[in-house]
Amino acid sequence: DAKTTQPTSMDCAEGRAANLPCNHSTISGNEYVYWYRQIHSQGPQYIIHGLKNNETNEMASLIITEDRKSSTLILPHATLRDTAVYYCIVRVGNSGYALNFGKGTSLLVTP
Amino acid sequence: DTAVSQTPKYLVTQMGNDKSIKCEQNLGHDTMYWYKQDSKKFLKIMFSYNNKELIINETVPNRFSPKSPDKAHLNLHINSLELGDSAVYFCASSRGVAGDTGELFFGEGSRLTVL
């Protein structure tokens, strides 16, 4: 699976959009981009995933660049409860392989 | 109803003991996983079972033995516990190889402390 690079930490003011970047320059054509988050002491939670098109769900939006070498997870109106570690993972879709979590980005949402 | 449940949530034990952590999922999923999160917060895959068959077995000491009596359960037994086994162990499930979308559902974790 391709490696990903994320900033170690980020801050965001409550109510503002949180934009979390991820570089995956070695991604191959059949690899999807997944985002998970882990709120302190809880199990990781799936957020969203995509292949090449932008995706949106009730939690977030995923913007993937045209060359697919990077992506951005957008939390449109961050709340204090969005404070968590966010993981960007790339993996071959429908493969049954486990997701390998990296170090992630620690997002702090401040009042 | 909790989708993926693990027991116990906390476990404190002495070095050398044998302990088990149980996991059950009520989502009808075919694939289950065990992950380990150490003190540095790295989350690493240990094992994966699909329909009771082992499909992923990362480099884990053979003191760790997973057992899947049916596809809704995946238990983790650890023999001769060592200090380095102290970690949070997460169980997860997903639909399975055929319908896999990469969406894993995680349990709340079992914090193991070895003294």
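Scroll up for the structure.
**Q** Before we go on, may I ask you to explain the nonpolar core in this structure?
**A** One broad trend across soluble globular proteins is that nonpolar side chains are buried collectively. Counting 21 residues, the largest nonpolar core has Leu 20, Trp 35, Leu 73, Leu 75, Tyr 86 and Leu 107 of chain A as its most contacted members. Of all the elements in the fold, those that place two or more residues in this core are β2 (18–23), β3 (31–38), β4 (45–50), β6 (61–64), β7 (70–75), β8 (84–92) and β9 (105–110) of chain A. No other element matches β8 of chain A, which puts four residues into this core. Each residue touching Leu 73 of chain A, except ones within four places of it in the same chain, is listed here: Ala 18, Asn 19, Leu 20, Trp 35, Ile 47, Ile 48, Ala 60, Ser 61 and Tyr 86 of chain A. One finds Leu 76, Ile 78, Ala 87 and Tyr 89 of chain B within the second-largest nonpolar core, a separate group that totals 19 residues.

**Q** Just checking my understanding: could you explain the state of the cysteines for this structure?
**A** Disulfide: a covalent bond formed between the sulfur atoms of two cysteine residues. On inspection of all chains with the given rule, the structure shows two disulfides over all chains. The residue that forms a disulfide with Cys 22 of chain A is Cys 88 of chain A, at a sulfur-sulfur distance of 2.1 Å. Residues Cys 22 of chain A and Cys 88 of chain A share a disulfide whose torsion about the S-S bond is about -80°; that sign makes it left-handed. Of the two residues, Cys 22 of chain A is situated in strand β2 and Cys 88 of chain A in strand β8; the sequence distance between them amounts to 66 residues. For Cys 22 of chain A, a relative accessible area of 2% puts it in the buried group. We classify Cys 88 of chain A as buried; its relative accessible area is 2%. Put simply, Cys 23 of chain B and Cys 91 of chain B are joined by a disulfide, and their sulfur atoms are 1.9 Å apart. Judged by the torsion about the S-S bond (-80°), the Cys 23 of chain B/Cys 91 of chain B disulfide is left-handed. One end of the pair, Cys 23 of chain B, is in strand β3 (residues 19–25); the other, Cys 91 of chain B, is in strand β9 (residues 87–94), and 68 residues separate them in sequence. A disulfide-free cysteine, Cys 12 of chain A has its sulfur positioned 18 Å from the sulfur of Cys 22 of chain A, the nearest such atom.

**Q** What am I meant to see in the interface of chain B and chain A here?
**A** Counting from both sides, the interface comprises 19 residues of chain B and, opposite them, 20 residues of chain A. In total, about 1600 Å² of surface goes out of reach between chain B and chain A, with carbon and sulfur atoms giving 53% of it. For the pair chain B and chain A, the interface holds zero salt bridges. Looking at the side of chain B that touches chain A, the elements with two or more residues in it are β4 (31–37), β5 (43–50) and β6 (53–57) of chain B.

**Q** What is the right way to read the side chain of Gln 6 of chain B from this model?
**A** All names here are of chain B. Its location among the elements puts Gln 6 in strand β1 (residues 4–7). Side-chain polar atoms of Gln 6 contact the backbone oxygen of Tyr 89, separated by 2.8 Å. Reaching out from Gln 6, the side chain makes a polar contact with the backbone nitrogen of Cys 91 at a distance of 3.0 Å. Apart from the residues lying within four places of it in its own chain, the contact partners of Gln 6 are Ile 21, Lys 22, Cys 23, Trp 34, Tyr 89, Phe 90, Cys 91, Gly 107, Glu 108, Gly 109 and Ser 110.

Rules and cut-offs
- Residues numbered from 1 in each chain as written.
- Chains lettered and ligands numbered in written order.
- Predicted model: local features only at pLDDT ≥ 70, side-chain atom pairs only at ≥ 80, totals over all residues.
- Heavy atoms only, no water.
- Core = buried A, V, L, I, M, F, W, Y, C linked by side-chain atoms within 4.5 Å.
- Buried < 20%, exposed > 50% of the residue type's maximum accessible area, 1.4 Å probe, protein only.
- Helix = DSSP H or I, 4+ residues; strand = E, 2+ residues; numbered from the N terminus.
- Contact = heavy atoms within 4.5 Å.
- Disulfide = S-S within 2.5 Å.
- Buried area = accessible area lost by both parts, 1.4 Å probe.
- Salt bridge = Lys/Arg side-chain N within 4 Å of Asp/Glu carboxyl O.
- Polar contact = N/O pair within 3.5 Å; in protein donor to acceptor, adjacent residues only side chain to side chain.

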